[in-house]
Amino acid sequence: MVAVHSISISKDKLQYWSYNNLSTIIERINNIVLPDTNKPSETSVSQIATEVTVQIWSDDQFIGSGTIISKNDHRYEIITNSHVLRSGTNDSYVIQTHDDTFYDAQVIAYNSQKNFCWDLAVLSFQSPQKNYKTTTVAPVNSYGMGDSVFVAGFVIDNDQQELETNKKSNHAKSNKFLFTTGKVYSILDQSLMSGYQIGFTNMLKKGMSGGPLLNQSGELIGINGRHAYPLWESADFYKDGTQASEEVQQVIDSHSWAISIETVLQFYQEIQNSSINTSKEIESSTSAIQKSTTPEDQLDLCR
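Quick caveat, the model's predicted, so the values are computed rather than measured.

> Explain the overall build of the protein chain to me, and be specific about the residues and the numbers.
Helix and strand counts for the protein chain stand at seven helices and 13 strands. Counted over contacts in the protein chain with a minimum sequence separation of 6, partners at least 24 positions apart contribute 71%. Carbon and sulfur atoms make up 45% of the accessible area of the protein chain, which amounts to about 14300 Å² in all.

Rendered as structure tokens:
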């Protein structure tokens, strides 16, 4: 069972409610779609993933994936990871949708502020002429150990050393869409400091960060962002500042991880309350995170 603080959405401040009220919370977040009762097939889930997963570019370089989470008139919002944006060469980003259309993106927020160190970010783009599918948010606590899950994202092609990136039309040639199946292996009692909480067996590759973690109904239960067996070795800390045990650390290192939809919704509401960095604050906050090299430094930033 997931032990996550329950929340309600308020335009004025964050309050704590029971999960019984979370459907009301979700409905109040910029037209995020609630689930229906029909369960699609795996093929249908793959199609859903294809339509809601986007590529993110910075200075003609592919830097990661994102998930279309909401729509308001012609304005779409993309949820991704903070580390995806930090990997860009500048603060200018472009969204590539599944139909290979490109849109200039605006940074709404990304989370690098004290008290909120979730590895999440939000971009937006305008599409007056084309309509795109948005993800359906899964009910709270609707996933459990052993559940079948699906992940999606775009993989960086490491074999292609030189890319023709002078024209945006060439972007689509540089990486491929990957959709993988697996099962939920672990749900931490509390999230890690960066927000990761759902461990799963699906293959996750470089470039897939920011893509969706979907259940069998094609509903969003998390945002991918951490693959198994990372190149670096460092201790993980929970959001309360305690360090993961050696046994838990082995589980963390050997599985892929996503930030739960509960944390995503809480982050999303903080954006509504303007409590998280806006694009004007990104540069200074990014520098602070990049200069932080030890777990202790990261912990100080997150308190």
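> Please set out the pattern of salt bridges residue by residue, giving values where relevant.
Applying the stated rule across the entire model yields four salt bridges. Connected through salt bridges with shared partners, the residues R226, D236 and D253 form a single ionic network.

> Lay out the confidence of the model for the protein chain in plain terms, naming residues and giving numbers.
Confidence along the protein chain averages 77 in pLDDT terms, with 69% of residues attaining 70 or more. In this model residues 1-21 is a low-confidence stretch, pLDDT under 50, and it forms 53 contacts with partners more than four residues away in sequence or in other chains. Between residues 159-173, whose pLDDT stays under 50, and residues either more than four places distant or in other chains, the model counts 16 contacts.

> Describe the nonpolar core, with residues and values.
Core analysis: the largest hydrophobic core is formed by 30 residues, its most contacted members being I79, L120, V122, V264 and F267. Counting only elements with at least two residues in this core, the list comes to α2 (42-52), β5 (102-110), β8 (148-156), β12 (219-226), β13 (256-260) and α5 (261-272). I56, I95, Y103 and A105 belong to the second-largest nonpolar core, a separate cluster that totals 18 residues.

> Break down the sheet that holds strand β3 (residues 75-80) for me, with residues and values.
As summarised here, the arrangement of the six strands in space is β1-β2-β3-β6-β5-β4, forming a closed barrel in which the pairing is antiparallel. In this sheet, adjacent strand axes meet at a mean angle of 40° when their direction is disregarded. Examined bridge by bridge, strand β2 (residues 61-72) and β3 share five bridges and lie antiparallel to one another. Following the sheet pairing, N72 is matched in β3 by R75.

Cut-off values and rules
Residues numbered from 1 in each chain as written. Predicted model: local features only at pLDDT ≥ 70, side-chain atom pairs only at ≥ 80, totals over all residues. Heavy atoms only, no water. Helix = DSSP H or I, 4+ residues; strand = E, 2+ residues; numbered from the N terminus. Contact = heavy atoms within 4.5 Å. Areas by Shrake-Rupley, 256 points an atom, 1.4 Å probe, with all protein chains shown as cover. Salt bridge = Lys/Arg side-chain N within 4 Å of Asp/Glu carboxyl O. pLDDT = per-residue confidence, 0-100. Core = buried A, V, L, I, M, F, W, Y, C linked by side-chain atoms within 4.5 Å. Buried < 20%, exposed > 50% of the residue type's maximum accessible area, 1.4 Å probe, protein only. Pairing = 2+ DSSP bridges. Axes fitted to C-alpha atoms, helices over the stretch in contact; angles between N-to-C directions.

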